[in-house]
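Here is what each chain is made of, one letter per residue.
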Amino acid sequence: MAPEVNSRSRRAFIRNAGGVSFLIATGTWFTTKSEVLRNRNESTSIGSWVTVAPDGQITILNPAAEMGQGSMTALAIIIAEEMDANWKDVRIENSPIEPDTYGLQWGGQLGGPMITVGSRTVRGYYHALRLAGAQIRKCFVQAAAIKWNTDASEIETRESIAFHTSSEKQLTYGEIASFMEVPESLPSVSENDLKKVEDFSMIGSVVHRYDIPGKVNGTAQYAIDIRVPGMQYAMISRSPVYGARPELDNEDEVRTMDGISHIVTLSHGIGVVGESFEKCLAAKRALKITWSQGNKADGYDSRVAFDEYMQLADGSQMGESITELGDVHKAFSEASKEYHTVFRNDFVYHAQMEPLNAVVSVASDGKSAEAWYGSQAPDRARDAIATELGIAFEDVTVHNCFLGGGFGRRSMSDYVVEATQISEKIKAPVKLVWTREDDVQYGAFRPISLQSMSASVNQKGELTGWKYRIVGTGDGLLASGARVPYYSIPNKMVDLHSIDHGVRTKHWRSVGHGPNKYAIEAFIDQIARDQKTDPFKFRKRLLATSPRELKVLEKVAEMCNWTSAVPEGRGRGMAFAERSGALVAGVAEISVDKETGKIKVHQFWCAMDAGLVVQPDNAIAQLEGGIILGLSSALHESITFSGGVVQQSNFHNYSIARISDTPENIDIHIIPSQENPAGVGEASTPVVGAAIANAFLDLTGKPLTHMPFTPDRVKMILG
Amino acid sequence: MYALEKSTVSFKLNGKEVHAKIDNQSILLWTLRDQFALTGTKFSCGMSQCGACTIHLDGKAIRSCTLPTSAVKGKSVTTIEGLNHEVGTRLKEAWINEQVPQCGYCQPGQIMQASALLQENDNPSREDIIEHMEGVLCRCGAYYRIIKAIQSSTKTAYHGSRSE
């Protein structure tokens, strides 16, 4: 039964056959956003967020992409905590892709974009969902108060039950939902109505993730698992050099191959459509395509690009200013010693385990479409389909599935647009699957970059000047993590040169923080050691006016017993970083096989202050995973271009961390805090490269200045 | 251009006798997913490099993304959906207790691979585990918990934890 909502009222929840549904409308937000809600209610979708059924089941919608970071559970916990729900009653479903209702808090209000990027989800919904949970609880209390003809102040709630304190009376939320009168709007709540942190029973405790059982028994649905009636498979042979346009030389031959129904020419490739994956793969391999010349990336060689970067790094031309503080020139002219090191970082590929794919069904009249995908920006993907077809956003129905990894790649919508184009042309539903080779070779990578670092030190051994030039490709992607406001260096100058090579770059978990924190923290160790100062002591001095950061650093030193002797044949290195508001310090303990040049990380200690952490065990899992990913990018991962073409194609020549790379011990400590939640998902990755490089410096006395530290590079450095 | 020879192949799938329509291009991974709706077995690399497609063929862990469907004729295939024996159940339980999966995409393959290990060796060392699991990639980096979950799934560890 379709619920009815009087659009002229400001009803914030609705009764229907299934119980009551709560539109989330918090405090002042409701009055300012009510127009939007009203408009939504008049259309087909209702912005309900929480529904309580008469049988007591509580359905909480999840507005964020679930790609392994666990936020679908965290967000529901936040609501359930404040509404005093019994977690056993809670069921979580994905919300519709309606950003006006379900978008992130953006400028203080919900209704921003529905993007799951930059470790934003928990911090981006935390306050709004707490207030919403408190409002819903208040509704149940008020309804019970009316029922018992008593004052709301005499009613307590716990685990989905309302109790009358002075009598034996109690009602479950389900029972209340079956008779609850619908008020005109949700009761107002303020910060004072929220629980005190010490009264939390779920936030900050270990609650098992809602999505895990399905991911263990094989029932979790990813987009690649979707099958719709009449669906065909599709695959695309894409430009080997980005921007090249295809001309197909053997269309008739491929079109008549067994099981192939269509050949579709796209601007950047040739699509083949057929009855199965195998048929499409055979057809794709048979395609003979001539690619257009004159592309920007023609002839691009990523190894040679570093020479060009070096010229810019050494040149006098200033780039875009990132930081300017004090008088760097004066600091260097008065220095007792200067330091200079150049660091390099290769392109890195996302390598999410589920290759890109999407199922799209465009109606035969082209006036509507339905799509299934796993996207970090499902609203943008929905919009991209609408734009592609020239139809309204509302005419596109979308389903965001579990993401088999995102890491930034799935915030692009290219794969969704491709499936739309093919479905529109063949007038049937398609499942477009990228092979691993497609996913690697048409990737959008963490950019190549060069960090030219200079520092001046005074006679007391204090850092007085900090000059840091980044040269690379990818504009803003290069700048993230370049600032070090927490280090008290009186004179700083950071600038950026970005060159467009015509190849694609993209956010990759922790973005520029990976390359930049590596360069910054490795450089600091070089200076500290040359100054014969312990790197921990050296950083402590730099963090003298940043107490919160200092505490994190001191914690990790305590965890690894920093002052203790390092076992024979091993080195220990430390690094500090902030990312998305989280402060992280890490220490790696490594050994090096001098014969093979292979670095082995034996232990990793990590301390984090990310404010209040909603799901501590999940946060630890994120930090563990982020350490492994950081280790993978630091030791293995390198994409290279030659002649404008990506040289790697699959996991045999793009190596990522395997289980044997796992440190024997990963020790993580989350510093207790009641500060606002910060982002956890990317927090540990940035410290890993430098922690390893610094451990290598400790062990061998030699710096590692080019990431990844592959066996070949290590052997060369060791001579 | 040319027609392929179509045929039917019979094998045991999760304990039941089944018949699949195939030709000489058919790959087991896609037969399982498309003809039997067993989507727990995942496509990721297509060249036996990552293990997301791991199934059991007569009890041995095998990559299904490169295995011709014709090769399983008369044999017994088990997928994550059918992994219900004692070892499988212990592993699935441990995977939940240790909260192993993140994105989860590789986890059916991880569990299938781990199950083959414990069926052969119920008391593996850390080195045994690493050697046996090396072929199954996890991009989320859940390896640390995968090792813990396998260690807690051995008969001794499992029953030990029960009697506490």
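Refer to the structure printed above.
Parameters at a glance
- Residues numbered from 1 in each chain as written.
- Chains lettered and ligands numbered in written order.
- Predicted model: local features only at pLDDT ≥ 70, side-chain atom pairs only at ≥ 80, totals over all residues.
- Heavy atoms only, no water.
- 1 Å grid on protein atoms, 1.4 Å probe; cavity = no way out; pocket = protein on both sides within 12 Å on 5 of 7 lines; lining within 4 Å.
- Points joined across faces, edges and corners; volume = space filled by probe spheres on them.
- Helix = DSSP H or I, 4+ residues; strand = E, 2+ residues; numbered from the N terminus.
- Nonpolar A, V, L, I, M, F, W, Y, C, P; charged D, E, K, R; others polar.
- Axes fitted to C-alpha atoms, helices over the stretch in contact; angles between N-to-C directions.
- Left-handed = near helix turned anticlockwise from the far one by under 90°.
- Contact = heavy atoms within 4.5 Å.
- Pairing = 2+ DSSP bridges.
- Expected span 1.5 Å × (residues − 1).
- Buried < 20%, exposed > 50% of the residue type's maximum accessible area, 1.4 Å probe, protein only.
- Buried area = accessible area lost by both parts, 1.4 Å probe.
- Salt bridge = Lys/Arg side-chain N within 4 Å of Asp/Glu carboxyl O.
- Polar contact = N/O pair within 3.5 Å; in protein donor to acceptor, adjacent residues only side chain to side chain.

Draft legend 1. How the structure looks around the layout of surface pockets. A volume near 810 Å³ is recorded for the largest pocket. Lining the largest pocket are 46 residues; nearest its centre among them are Gly118(A), Ser119(A), Arg120(A), Gly681(A) and Glu682(A). Those elements giving two or more residues to the lining of the largest pocket turn out to be helix 2 (71-83), helix 4 (121-148), helix 14 (476-479) and helix 18 (616-635) of chain A. Class assignment for the residues of the lining of the largest pocket results in 18 nonpolar, 21 polar and 7 charged. Here the second largest pocket is characterised by a volume of approximately 370 Å³. In terms of lining, the second largest pocket is formed by 19 residues, of which the most central are Phe277(A), Leu281(A), Arg285(A), Gly46(B) and Cys65(B). Within the residue set of the lining of the second largest pocket, elements represented by two or more residues are helix 8 (277-286) and helix 13 (436-441) of chain A together with helix 1 (28-35) of chain B. If one sorts the elements of the lining of the second largest pocket by residue count, helix 8 of chain A sits on top with 6 residues. Looking at side-chain class alone, the lining of the second largest pocket contains 10 nonpolar, 4 polar and 5 charged residues.

Draft legend 2. Representation of the packing of helix 11 (residues 378-389) of chain A against helix 12 (residues 414-426) of chain A. Residue and element names in this part refer to chain A. The geometry of helix 11 relative to helix 12 is characterised by a closest axis approach of 9 Å and an angle of 35 degrees between their N-to-C directions. Seen along the crossing, helix 11 lies across helix 12 with a hand that is right-handed. Contact residues: helix 11 offers Ala 381, Ala 384, Ile 385, Glu 388 and Leu 389, while helix 12 offers Val 416, Val 417, Thr 420, Gln 421 and Glu 424. Across the contact of helix 11 with helix 12, the residue classes tally to 6 nonpolar, 2 polar and 2 charged.

Draft legend 3. A look at the sheet that holds strand 24 (residues 582-593) of chain A. All names here are of chain A. A sheet is described by the order of its strands in space; here 4 strands give the open sequence 23-24-25-28, paired in mixed fashion. Looking at which strands have only one partner, the edges of the open sheet turn out to be strand 23 (571-579) and strand 28 (665-670). Sheet twist, expressed as the mean angle between neighbouring strand axes with direction ignored, is 20 degrees. The sheet contact formed by strand 24 and strand 25 (residues 598-609) spans 11 bridges and is antiparallel. Residue pairing across strands places Val 587 opposite Trp 605, the latter belonging to strand 25.

Draft legend 4. Representation of the environment of Trp605(A) within the structure. All names here are of chain A. By secondary structure assignment, the location of Trp 605 is in strand 25. Linking Trp 605 and Gly 259, residues 346 residues apart in sequence, is a C-alpha distance of 54 Å. In this structure Trp 605 touches Val 556, Met 559, Cys 560, Arg 572, Ala 585, Gly 586, Val 587, Glu 589, Asn 665 and Asp 667, once residues within four positions along its chain are discounted.

Draft legend 5. Representation of helix 12 of chain A in the model. Residue and element names in this part refer to chain A. Under the 1.5 Å per step criterion, the end-to-end length of helix 12 is 19 Å for 13 residues, consistent within 8% with the ideal 18 Å. Within helix 12, 11 of the 13 residues are buried, which leaves it mostly tucked inside the rest of the structure. When helix 12 is considered as a whole, its buried residues turn out to be Asp 414, Tyr 415, Val 416, Val 417, Glu 418, Ala 419, Thr 420, Gln 421, Ile 422, Ser 423 and Ile 426. Looking one or two residues past helix 12, Lys 427 carries a phi angle of roughly 55 degrees, positive in sign.

Draft legend 6. Representation of the sheet that holds strand 7 (residues 161-164) of chain A. All names here are of chain A. Reading across the sheet, the 3 strands line up as 6-7-8 and stay open at both edges, with antiparallel pairing between neighbours. Edge positions in the sheet fall to strand 6 (155-158) and strand 8 (170-172), since each has one partner strand and no second. Each strand axis lies, on average, 20 degrees off the axis of its neighbour in the sheet, ignoring direction. Two strands pair when backbone bridges link them, and strand 6 and strand 7 are joined in this way by 4 bridges, in the antiparallel orientation. Looking across to strand 7, one finds that Arg 158 is bridged to Ile 161. Seen against the sheet, helix 4 touches strand 6, strand 7 and strand 8 and runs at an angle of roughly 135 degrees to strand 6.

Draft legend 7. Examining the interface of chain B and chain A more closely. Tallying the contact residues gives 53 residues for chain B and 68 residues for chain A. Here chain B packs against chain A, burying approximately 5100 Å² in sum over the two surfaces, 56% of which is carbon and sulfur. Sorting the residues of chain B by area buried against chain A places Gln102(B), Arg139(B) and Tyr144(B) first, and these three jointly supply 18% of that buried surface. Notably, a salt bridge pairs Asp225(A) with Arg33(B), separated by 2.8 Å at the nearest N-O pair. Counting the contacts that link chain B with chain A gives 34 residue pairs in polar contact (both at pLDDT 80 or more).

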